[in-house]
Amino acid sequence: MASSNSKSTNETARKIFKILLTNPRIKVSWVKAHAGNIGNERADQLTKDATQHGQPYSHTKLPKPHIKGLLRKRMLEEWQTLWKKGDTGRKIFNIMPSVSLRPTNWIREDVIFFSQHGPFPANFKRFHLSDSDYCSCGGIVTALHYATECIHTVSWHMRKPAPNFEQEWLKRVDNNLVSRHKIRGIIKFISENRDLFRPP
C-alpha cells in the first residue's frame with residue numbers, strides 16, 4: 001500500500017503517511033473486500049459515487065507570465081536568505097541589505113571603494129603584500145579615510161560622519177551622484193599614483 005511506504009512519491013500517499021506518523025493510535029490493516037465490513041463497504045460506495053458523479057480532475061493551465069512571476073518571487077526570496085546569512089560581502093551587504101534584479105549602475109571605482117578591495121594598504125596587508133595598513137599620510141586606511149581626511153585626496157573630500165553613522169554615510173554616498181563622482185575621482189587618483197599612498 002502506497003500510504004505505508006515512506007519512499008512513495010505520490011502526494012496523497014505522502015499526506016496519509018504523515019498523518020499515520022503523527023497519530024500512532026491509528027492502525028492500518030488489510031481488509032477482505034465485499035465481506036460485509038461496514039467501513040470497507042462505505043469506502044467502496046464513496047469511490048463509486050466519486051467516479052460516477054464527482055468532478056473530473058483536470059490540470060489548470062496557468063499563464064506563462066504568472067508562472068514566471070512566481071518563479072522570480074521564489075528566486076528572490078532564496079537569494080535574499082543566502083545574502084542575509086552569508087559570511088562574505090558584508091561591507092556591500094551593509095550598504096545594500098536587500099537583493100534586487102535592478103542594476104546598481106556601479107562602475108569599477110564604485111565597487112573598489114565600497115568593497116575596499118583595491119590598491120589600499122589594508123588590502124595589501126590582508127594578502128601579506130605589505131606589513132602595514134597605514135596610509136603614507138599616517139592615517140589608518142579605510143574608504144572613509146580617503147574620502148574625508150587623507151591629505152592626498154583633499155580635492156574630493158566630503159564631511160566626515162560621526163563614528164556611529166559610518167554605515168548611513170556610506171548608504172548616502174551610494175545614493176548621491178555628486179558623492180559617487182567624488183569617490184570615483186579618489187579611486188582613479190589612487191590607482192594612478194600608488195607610490196604616493198604606500199605606507200611610510
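Residues numbered from 1 in each chain as written. Predicted model: local features only at pLDDT ≥ 70, side-chain atom pairs only at ≥ 80, totals over all residues. Heavy atoms only, no water.

The name an unreviewed UniProt entry gives the chain is RNase H type-1 domain-containing protein, with Araneus ventricosus as the organism.

Summing up its helical and strand segments, the chain has nine helices and zero strands in all. Secondary structure elements of the chain, listed N to C terminal, follow the sequence α-α-α-α-α-α-α-α-α. Its C-alpha radius of gyration of 32 Å places the chain more than 25% over the 16 Å reference for a compact globule of 200 residues. On the principal axes, the C-alpha backbone points of the chain span a range of 95 × 40 × 30 Å. When each of the 200 residues of the chain is scored for burial, the buried share is 24%. In the chain, once contacts between residues fewer than 6 apart in sequence are set aside, the share between residues at least 24 apart is 41%. Within the structure as shown, the chain displays about 15200 Å² of accessible surface, and the carbon and sulfur contribution to it stands at 56%. Put simply, the chain has 33 plus and 17 minus side-chain charges, and the middle of one group is 6 Å from the middle of the other. (Helix = DSSP H or I, 4+ residues; strand = E, 2+ residues; numbered from the N terminus. Rg over C-alpha atoms; globule rule 2.2 N^0.38 Å. Buried < 20%, exposed > 50% of the residue type's maximum accessible area, 1.4 Å probe, protein only. Contact = heavy atoms within 4.5 Å. Areas by Shrake-Rupley, 256 points an atom, 1.4 Å probe, with all protein chains shown as cover. Lys, Arg positive; Asp, Glu negative; His and termini not counted. Charge placed at Lys NZ, Arg CZ, Asp CG, Glu CD.)

Glancing now at unusual backbone geometry. Positive phi is not limited to glycine here, since N105 has a value of about 65°. Looking at where N105 falls in the secondary structure, it is placed in the loop between helix 4 (90-95) and helix 5 (108-115). Positive phi outside glycine occurs at Q116, with the angle close to 60°. When you line up the elements, Q116 lands in the loop between helix 5 and helix 6 (121-126).

The buried count for helix 5 comes to six of eight residues, which makes it a mostly enclosed element. Here helix 5 has its buried residues at E109, D110, I112, F113, F114 and S115. Buried residues belonging to helix 5 abut helix 4, helix 7 (143-148), helix 8 (166-174) and helix 9 (177-192). The first or second residue beyond helix 5 is Q116, which carries a positive phi of 60°.

Before going further, it helps to spend a moment on a nonpolar patch on the surface. A contiguous nonpolar surface patch, about 370 Å² in accessible area, is contributed by L62, I67, L70 and L71. Along the chain, L71 falls in helix 3 (residues 64-85). Exposure remark for L71: the relative accessible area of 56% places this residue in the exposed category. (Patch = residues over 30% accessible without salt bridge, like charges linked within 9 Å, V, L, I, M, F, W, Y side chains within 5 Å. Salt bridge = Lys/Arg side-chain N within 4 Å of Asp/Glu carboxyl O.)

What follows is about the layout of surface pockets. Empty space within the largest pocket amounts to approximately 390 Å³. Surrounding the largest pocket, 15 residues form its lining, M96, S98, S100, R102 and T104 being those nearest its centre. Mapped by element, the contributors of at least two residues to the lining of the largest pocket are helix 3 and helix 4. Residues that form the lining of the largest pocket fall into these classes: eight nonpolar, four polar and three charged. Considered as a void within the structure, the second largest pocket measures approximately 210 Å³ in volume. For the second largest pocket, the lining is made up of 14 residues, of which K91, S115, Q116, H117 and R126 are closest to its centre. Classifying every residue of the lining of the second largest pocket gives five nonpolar, six polar and three charged. (1 Å grid on protein atoms, 1.4 Å probe; cavity = no way out; pocket = protein on both sides within 12 Å on 5 of 7 lines; lining within 4 Å. Points joined across faces, edges and corners; volume = space filled by probe spheres on them. Nonpolar A, V, L, I, M, F, W, Y, C, P; charged D, E, K, R; others polar.)

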